[in-house]
Amino acid sequence: SRFVDGKRVITMKERGGRIEEVRAPSGQKHVFRYPVVVLVNDDSASAAEIFTGVLRDYRLITIVGTHTYGKASVQNVFPLIDGSVAKITIARYFLPNGQDIGRKVDQDGTFLTGGIDPDVQVAFDLDNEKVKFGDPKSDNQLLKCFSVLDSKRAPVPH
């Protein structure tokens, strides 16, 4: 609701065929006067993917990193009579542009497709021991985010 006003966020399609459209609330949008970058990787899932996908579909951000996980399922927790619970998928969600980002794997569990692809592909440099996660001076993904932000910043008038 801070980024989109009253627009479609997701469409949920339930097993029984019922379709529900979820929209952002109105009247809470903030006008951002600066570029926004979202950093994602293959552990980004669920709400992180919805947030990223919605802002991508409405062309409000640049995405940096590696493809996201590809969850795309809506789950609910149901209590069982013995006090335990069962978490059951009740629907699939689709992004505003209709994209199904659901993860697809082969028979060995190897990732094939799904998730959200970044605009700027950059994997975290695990092989460089000088790279420290979250360190703005050495984290190569974070540095790429800063570079993208700098490239999108409006020039300062003389």
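In what follows, the accompanying structure is described. If you're wondering where the values come from, they're calculated on a predicted model, not measured in any experiment.

About the criteria used
Every chain is numbered independently, its residues counted from 1 as its sequence is written. Only residues with pLDDT of 70 or above have their local features reported here, since the model is predicted, and side-chain atom pairs are shown and tallied only from 80 upward, although totals for entire chains, interfaces and linings are computed over all residues. To obtain the side-chain values, all non-hydrogen atoms of the structure were included, while hydrogens and water were left out. Each nonpolar core is a collection of buried residues, namely Ala, Val, Leu, Ile, Met, Phe, Trp, Tyr and Cys, held together in the definition by side-chain atoms within 4.5 Å. Under the scheme applied here, a residue whose accessible area is under 20% of the maximum for its type counts as buried, over 50% as exposed, and between as partly exposed, the area being computed with a 1.4 Å probe on protein chains only. By definition, any uninterrupted DSSP run of H or I lasting at least four residues is a helix, any uninterrupted run of E lasting at least two residues is a strand, and each is numbered from the N terminus. Whether two residues are in contact is decided by their heavy atoms, any of which lying within 4.5 Å being enough. A strand pair is defined by DSSP finding two or more bridges across the two strands. Under this scheme, a helix contributes an axis fitted over its contacting stretch, all axes are lines through C-alpha atoms, and angles between N-to-C directions fall in the 0 to 180 degree range. Salt bridges are defined as contacts in which a side-chain nitrogen from Lys or Arg sits within 4 Å of a carboxyl oxygen from Asp or Glu.

## Let's talk about the nonpolar core
Within soluble globular proteins, side chains that are nonpolar tend to cluster in buried spots. Among the nonpolar cores identified, the biggest contains 21 residues, and V9, I10, M12, I50, I61, Y93 and I101 are the most heavily contacted of them. Of all elements in the fold, only β1 (8-14), β3 (37-40), α1 (47-57) and β6 (85-94) reach the threshold of two or more residues within this core. Apart from the residues within four sequence positions on either side, I61 is in contact with V36, V38, T52, L55, R56 and D119. Listed in part, the five residues of the second largest apolar core include V37, V64, V122 and C145.

## Examining the sheet that holds β3
Strand order across the open sheet formed by three strands is β3-β4-β9, with parallel pairing between neighbours. Whereas interior strands pair on both sides, the edge strands pair on one side only; in this sheet they are β3 and β9 (120-121). Sheet strands touched by helix α2 (residues 140-152): β3, β4 (62-65) and β9. Its angle to β4, the strand with the most contacts, is close to 155°.

## Considering the sheet that holds β6
Pairing between sheet strands relies on hydrogen bonds along the backbone, with the strands arranged either parallel or antiparallel. Read across the open sheet, the four strands follow the order β2-β1-β6-β5; overall the sheet is antiparallel. Where the open sheet ends on each side, the last strands, each with one partner, are β2 (19-23) and β5 (73-79). Averaged over all neighbouring strand pairs, the angle between strand axes comes to 35°, with direction disregarded. Sheet topology places β1 next to β6; four bridges connect them, and they run antiparallel. For E14, the partnering residue across the bridge sits in β6 and is A91.

## Some thoughts on α1
Those residues of α1 that sit buried are E49, I50, T52, G53, V54, L55 and D57. Close packing links the buried residues of α1 with β1, β3, β4 and β6. One or two steps after α1, the chain reaches R59, where phi turns positive at roughly 55°.

## Topic: the pattern of salt bridges
Pairing between side chains of opposite charge can happen when their charged atoms approach one another. Using the criterion set out here, one finds seven salt bridges in the structure. The partner of E21 in a salt bridge is R8, and the shortest N-O contact between them spans 3.1 Å. Of this pair, E21 sits in strand β2 while R8 sits in strand β1, placing them 13 residues apart in sequence. Look at R8 and you get partly exposed, because its relative accessible area is 28%. Across the salt bridge formed by D57 and R56, the nearest N and O atoms sit 2.7 Å from each other. On the accessibility criterion, D57 (15% relative accessible area) is buried. Taken together, the shared-partner salt bridges in this structure form one network comprising R8, E21 and R23.

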